[in-house]
Amino acid sequence: MIGMMTIRPATLVGSDLETIVYHRRAIYWEAGYRDERALDTMGAAYRLWLRGKRESGQYLAWFALAPDSSITAGVGLWLTDSPPNLFASGRWRGNLVNVYTEPPHRRRGVARALIEGALDWCQGHQIDMIVLHSTPSGRALYESLGFTPGSEMRLIRPITPVSSKR
């Protein structure tokens, strides 16, 4: 419990699933992406992705609830298979995603409590590498929790159709 808020696991079905999709959409919206059609397409694809991850047990999520049981914030933990490396010993890598707090509840320690809960879960399950992507507004929080600043490099190339003729 955080002040008057409670934390509970999300179920990834019904209204919980829709709230996670809403949070993801809100994160992009607040980052300046305003193409409604693209957001709808992403939301539909994300919903299907979450269902698959639920079935495989590779996505966990938690919500912070206000005294009236409304959801004020959420965090997701996506578990990915991790090859052996020099920095982590576990089989799984934790990816914190969908860290979102409704605007009226920000700057009250809610996101911190959710992230600390996810990190505790990781520690209890021998997951010693946790990564995330941060918005500029979240960076200080993550650094205060021990995350080192950095960014992920990526290459995105258009897919060219493969001709069936050989």
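Right above here is the structure, for reference.
The rules behind the values
Residues numbered from 1 in each chain as written. Predicted model: local features only at pLDDT ≥ 70, side-chain atom pairs only at ≥ 80, totals over all residues. Heavy atoms only, no water. Phe/Tyr/Trp six-rings, centres within 6.5 Å; stacked < 30°, edge-to-face > 60°. Helix = DSSP H or I, 4+ residues; strand = E, 2+ residues; numbered from the N terminus. Expected span 1.5 Å × (residues − 1). Buried < 20%, exposed > 50% of the residue type's maximum accessible area, 1.4 Å probe, protein only. Axes fitted to C-alpha atoms, helices over the stretch in contact; angles between N-to-C directions. Parallel < 35°, antiparallel > 145°, perpendicular 65-115°, else oblique. Left-handed = near helix turned anticlockwise from the far one by under 90°. Contact = heavy atoms within 4.5 Å. Nonpolar A, V, L, I, M, F, W, Y, C, P; charged D, E, K, R; others polar. Core = buried A, V, L, I, M, F, W, Y, C linked by side-chain atoms within 4.5 Å. Pairing = 2+ DSSP bridges.

Some details on the packing of aromatic side chains
- Following the criterion strictly, the structure yields six aromatic pairs and no others.
- Arranged with centres 6.4 Å apart and planes meeting at 90 degrees, the rings of Tyr22 and Tyr100 form a pair that is edge-to-face. Highlighted residues: Tyr22 in helix H1 (residues 14-30) and Tyr100 in strand E4 (residues 92-101), separated in sequence by 78 residues.
- Consider the rings of Trp49 and Tyr59, whose centres lie 5.9 Å apart with planes at 80 degrees: the pair is edge-to-face. Remark: Tyr59 occurs in strand E2 (residues 59-65) and Trp49 occurs in helix H2 (residues 36-56); sequence separation between them is ten residues.
- Site record: aromatic cluster; members linked through ring pairs are Tyr46, Trp49, Tyr59 and Trp78.

Digging into H1
- Compared with the 24 Å implied by 1.5 Å per residue over 17 residues, the 24 Å span of H1 between its first and last C-alpha is a close match.
- Buried within H1 are the following residues: Asp16, Leu17, Thr19, Ile20, Val21, His23 and Ala26.
- Among the residues trailing H1, Gly32 stands out with phi positive, at a value near 105 degrees.

Let's talk about the packing of H1 against H2
- Running from N to C, H1 and H2 point in directions that differ by 140 degrees, and their axes come no closer than 10 Å. Taken as axis vectors, H1 and H2 run oblique relative to one another. Both H1 and H2 take part in a crossing whose hand is right-handed. Contacts from Leu17, Glu18, Ile20, Val21, Arg24, Arg25, Tyr28 and Trp29 of H1 reach H2 at Glu36, Leu39, Asp40, Met42, Gly43, Tyr46, Arg47, Leu50 and Arg51.
- For the contact of H1 with H2, the class distribution of residues is nine nonpolar, one polar and seven charged.

Observations concerning the nonpolar core
- Within the largest apolar cluster, 16 residues are counted, with the highest numbers of intra-cluster contacts made by Trp62, Ala64, Val75, Leu77, Leu96, Val110 and Leu114.
- Taken together, the elements giving at least two residues each to this core come down to E2, strand E3 (71-81) and helix H3 (110-124).
- By residue number, the principal contributor to this core is H3, which donates five residues.
- Grouped together as the second largest cluster of nonpolar side chains are twelve residues, Leu12, Tyr59, Ala61 and Val97 included.

Structural notes on the sheet that holds E3
- A sheet is described by the order of its strands in space; here five strands give the open sequence E1-E2-E3-E4-E5, paired in mixed fashion. What marks the edges here is a single partner per strand, and that holds for strand E1 (6-9) and strand E5 (130-132). Each adjacent strand pair in this sheet contributes to an overall mean axis angle of 25 degrees, direction not counted.
- In this structure, E4 lies alongside E5, joined through three bridges in parallel fashion. Note on E5: the bridge partner recorded for Leu96 is Leu132.
- Along the sheet face, H1 touches E1, E2, E3 and E4 and points at about 75 degrees away from the line of E4.

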